[in-house]
Amino acid sequence: MRKFILLSALFASAPVSAQQAMTDSSPHADHAMSMPMTEGDAQCPPEHAAMGHCTPQAEAVTPPHAGPSAAALSGPEYAADAVWGAGAMEPARRSVYAEHGFMNTGKILIDRLEYAAQKGRDGYSWEGDAWYGGDYNRLWTKFRGEGAAGKAIESAEVQALWSRALDPWFNIQAGVRYDIRPKPDRAHLAVGIEGLAPYLFDVNAALFLSDRGDLTARVEAEYDQRITNRLILQPSVEVNLAAQDVRSVDVGAGLSSVEAGLRLRYEFVPEFAPYFGFEYEGLVGRTARLARAGGEDANRAKFVIGIRTWF
């Protein structure tokens, strides 16, 4: 009995760490100290939940998702016709079109109104378009021109086109183009396509047949790379071709010229944006030889500054 009392007193006076070590040596210690964590709630592992320190959050369950059934897409385009008759529904549909979005609007865009600084020949130029109409049919005009500083306009043209939407992205356009400069003035039949290509490239391609039988073509593309919501870098390229020599305007057959530009604009508001940039124009092939024969430079590089506005 005396021996049992001494052992009890010795255990009671032992340090807490020693008691903990004795407890850890128990074959059941692992059950309490090394319970695996579940992936359900990292903030409340099971051992803490078992001691009442926290409450595990229920795992989020994604609701089942399924598209519309095949039956939902197999009905007629105008299901109401089956009930009320096509004769009664057709006027109703026209009324809905007329009262919801079927309206004429318009826009005038001065895409470039700029001053160009280049070696020995500063100049100016403008380019833009305007349209009026509905979603499918529009009257479209385009205009452009350029000249040397302090001198008369060297080239100017205006186009009047009917534009028809082919799809939400492209329009086919046909009409006339009139060259006011250079002299003698000329008229052209024009047909082309304009729209927004994949990856948001603005594309414009057109064929022109002049009143003298000259066939030429022009292809343009540009892209708006937004650096911020207001700061936009716009690369552009234009290629001109001719099916024959056009001596009156010093254009040779084949690829006649290539222009590449890079403009950086800042949109104070979407309707008004000043810009500056750089543009290169190179005459090619027979057109370049005709230019050199006339004492002109076949390659031109210039710095530009201008504004872009629309309303």
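Refer to the structure above for everything that follows.
Because the structure is predicted, anything quoted here is derived from the model rather than measured.

*Asks:* Give me the lowdown on the pattern of salt bridges, citing residues and values where you can.
*Replies:* Counted according to the given criterion, the structure contains 25 salt bridges. Among the salt bridges present, the one from D81 reaches R93, with a minimum N-O distance of 3.1 Å. In this pair, D81 sits in helix α5 (residues 81-84) while R93 sits in helix α6 (residues 86-99), placing the two residues twelve residues apart along the sequence. Classification of R93 as buried rests on a relative accessible area of 12%.

*Asks:* Give me the lowdown on helix α7 (residues 285-293), citing residues and values where you can.
*Replies:* Residues three or four positions apart in an α-helix share a direction because the helix packs 3.6 residues into each turn. Turning to α7, its buried residues are T287, A288 and A291. One face of α7 carries all of its buried residues, which in axial projection span an arc of 100°. Exposed and oriented more than 90 degrees from the buried face of α7 are R289, R292 and A293. Where α7 is buried, its residues touch β11 (254-266) and β12 (272-283). Immediately downstream of α7, the backbone of G295 shows phi near 85°, a positive value.

*Asks:* Tell me about the packing of aromatic side chains, and name the residues and values.
*Replies:* A full pass over the atoms with the stated rule returns five aromatic pairs. Ring centres of F278 and F303 lie 5.3 Å apart, and the angle between their planes is 65°; on these two criteria the pair is classed as edge-to-face. Of this pair, F278 sits in strand β12 while F303 is found in strand β13 (residues 299-310), placing the two residues 25 residues apart along the sequence. With a relative accessible area of 35%, F278 lands in the partly exposed category. On the accessibility criterion, F303 (58% relative accessible area) is exposed. The aromatic ring of Y78 is capped on one face by R93, whose charged end is 3.7 Å from the ring centroid. Seen from the ring of F208, R177 lies directly overhead, with NZ or CZ sitting 4.5 Å from the centre.

Reading guide: rules and limits
Residues numbered from 1 in each chain as written. Predicted model: local features only at pLDDT ≥ 70, side-chain atom pairs only at ≥ 80, totals over all residues. Heavy atoms only, no water. Salt bridge = Lys/Arg side-chain N within 4 Å of Asp/Glu carboxyl O. Helix = DSSP H or I, 4+ residues; strand = E, 2+ residues; numbered from the N terminus. Buried < 20%, exposed > 50% of the residue type's maximum accessible area, 1.4 Å probe, protein only. Arc of directions from axis to C-beta. Contact = heavy atoms within 4.5 Å. Phe/Tyr/Trp six-rings, centres within 6.5 Å; stacked < 30°, edge-to-face > 60°. Lys NZ or Arg CZ within 6 Å of the ring centre and 35° of its normal.

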